[in-house]
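The chain contents come next:
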Amino acid sequence: MWSLIVPKARHVIALVVFVPLMLGCLYFFARNTESYQAAEHFLRSDGRIASAVGPVAQVSFKFWDGFQFTGGQASFTFDVIGGKATSVVALQLRRSSGVWHVIAADIRAADGSL
């Protein structure tokens, strides 16, 4: 029969240290990209977002809902807190001539409704 391999304490400790460190680095990297900065600027300045949530007070990156970078395309999900509502906004961006442009924005209420 196959014997159960028990991990050594040093392997568990290394995993416990390595995984959060990698996630922290990934979060820091994502927030410091040009595409992320363009997405956040769009959320804070677009009139359609302001009409849906009111004046934007806070933008929070939803790291666990996923994000994607593939060459000249990126996508992010944010919580946007405004003066009259809180919404979840999913943005898709495309890079054209070195500039990031929002090509799609999906705005949903915080409870998931349109």
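Residues numbered from 1 in each chain as written. Predicted model: local features only at pLDDT ≥ 70, side-chain atom pairs only at ≥ 80, totals over all residues. Heavy atoms only, no water.

J.: I'm lost on the nonpolar core in this one. Help?
T.: By size, the foremost hydrophobic cluster in this structure holds 18 residues, and its most contacted members are L43, I49, F61, F76, F78, V80 and L91. Among the secondary structure elements, those contributing two or more residues to this core are α2 (34-45), α3 (47-53), β1 (56-61), β3 (73-82) and β4 (86-96). Non-local contacts of L43, meaning those with residues more than four positions away in its chain, are made with I49, V56, V59, F78, V80, V89 and L91. (Core = buried A, V, L, I, M, F, W, Y, C linked by side-chain atoms within 4.5 Å. Buried < 20%, exposed > 50% of the residue type's maximum accessible area, 1.4 Å probe, protein only. Helix = DSSP H or I, 4+ residues; strand = E, 2+ residues; numbered from the N terminus. Contact = heavy atoms within 4.5 Å.)

J.: How do you make sense of the environment of H101 when you look at a structure like this?
T.: Here H101 is to be found in strand β5 (residues 99-109). Among the residues examined, H101 registers a relative accessible area of 40% and is labelled partly exposed. Spatially, the C-alpha atom of H101 lies 27 Å from that of D111, the residues being 10 residues apart in sequence. With residues near it in sequence (within four places) discarded, H101 still touches Q92, L93, R94 and S96.

J.: Sorry if this is basic, but what is going on with the pattern of salt bridges here?
T.: Pairs can form between side chains of opposite charge once their charged atoms are near each other. A complete count under the given rule lists 6 salt bridges for this structure. With its nearest N and O atoms 3.2 Å apart, the salt bridge here joins D65 to K62. Residue classification places D65 among the partly exposed positions, given a relative accessible area of 48%. Shared partners join several salt bridges into a network, and the residues in it are K62, D65 and D79. (Salt bridge = Lys/Arg side-chain N within 4 Å of Asp/Glu carboxyl O.)

In short, shape yes, function no, at least from these values alone.
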